[in-house]
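# Chains, contacts and geometry: an overview
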Amino acid sequence: MKVLCFSNVSFVRDGNTIIQDFSWNVSSDERWVVLGANGAGKTSILELASGWEKPTTGSVEILGDDLGSGDVDEIRPRVGLASSSMAKRIPATESVSDAVVTAAYAAAERRGEQFDEIDIRRARRVLSEWRLDQLSERSFGSLSEGEAKRLQIARSIMTDPELLLLDEPSAGLDLGSREEIMQMLGYFASNASAPAIVMVTHHVEEIPRGFTHALVLSGGKAAAAGPIAEVLTSAILSAAFGVDVTVHANDGRYSATATL
């Protein structure tokens, strides 16, 4: 079942063409990583896939609904999005528990309302799954970078989404924090009950185990897309990043070195 379908999409912002003539499909059992140099269009792909932007030309279907004619207010709650821009909407004083449960109400903070017991129970389970249960009463602003990244992911799956979008979930983390998130995302991605996943990253080292497909963007176009082992090659990444890259694969994880 297709959960995401881009057909001949172009996206123009402030007179600049960011995505052009782009087609791409994601099925419900696939876990995609999106790679590309700065300015390649990775974040714009997520903005379109989450319904926060609309294509300039072409069409985007999200969970069977056309983004151009469908009701985005009905589409967005079915899509989980973890990104630093979404995290900036959460007040520093918000408790970790409330920061997660408010995702069920399409809000970034609690405003005195009473939460349903079913949502409270789900939030507790999600907090436990992402190793945040011991931090539930802490304020969001007191979290370490790694803890805050895990909270972003916990919020994104609070609504049990049918499509999960992750924007650089381990960017800026130290080695230990990065590997903790890589392990947790790897377990999650390998679970048959997990939703379709699309994750943007700059580095192949930040791809967890369990991801099945890769999309490499270059100049707003798809340079390559398909099964991850076929796409993450030295030749494809060298062409996309403009340097000689050697890709190494080891037990489901990847690394790369470049010769300048």
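Just so we're clear, the structure is a prediction, and the values are computed from it rather than from any experiment. Along each chain, residues carry numbers from 1 onward, in the same order as the chain's sequence is written. Where totals are concerned, whole chains, interfaces and linings use all residues; where local detail is concerned, this predicted model gives features only for residues with pLDDT of at least 70, and gives and counts side-chain atom pairs only at 80 or more. Hydrogens and water molecules were not included; the side-chain quantities draw on all heavy atoms of the structure.

## Thoughts on the sheet that holds strand β10 (residues 221–227)
- A sheet is described by the order of its strands in space; here six strands give the open sequence β6-β7-β8-β3-β9-β10, paired in mixed fashion. In this open sheet, the two strands that pair with only one neighbour each are β6 (79–82) and β10. Put simply, the sheet's adjacent strands are angled 15° from each other on average, direction ignored.
- Note: two strands are recorded as paired if DSSP finds a minimum of 2 bridges between them. Counting from the N terminus, the helices are the DSSP runs of H or I reaching at least four residues and the strands are the DSSP runs of E reaching at least two. Two elements, strand β7 (residues 163–167) and strand β8 (residues 196–200), share five bridges in a ladder whose sense is parallel. Paired with L166 across the strands is M199, a residue of β8.
- Contacts from helix α1 (residues 42–49) reach β3 (31–36), β6, β7, β8 and β9 (213–218), with the element oriented near 150° to β7.
- It only takes one pair of heavy atoms within 4.5 Å for two residues to be counted as in contact. Interaxial angles span 0 to 180 degrees and are taken between N-to-C directions of axes, which are lines fitted to C-alpha atoms, for helices over the stretch in contact. Across the sheet, helix α7 (residues 175–190) is in contact with β3, β7 and β8; its angle to β8 comes to roughly 150°.

## Structural notes on α1
- Any residue under 20% of the maximum accessible area for its type is buried, any over 50% is exposed, and the rest in between are partly exposed; the area is computed with a 1.4 Å probe on protein chains only. The element α1 is extensively covered by neighbouring structure, given that six of its eight residues are classed as buried.
- Of all the residues in α1, the buried ones are K42, S44, I45, L46, L48 and A49.
- Two residues or fewer after α1 comes G51, characterised by a positive phi angle close to 85°.

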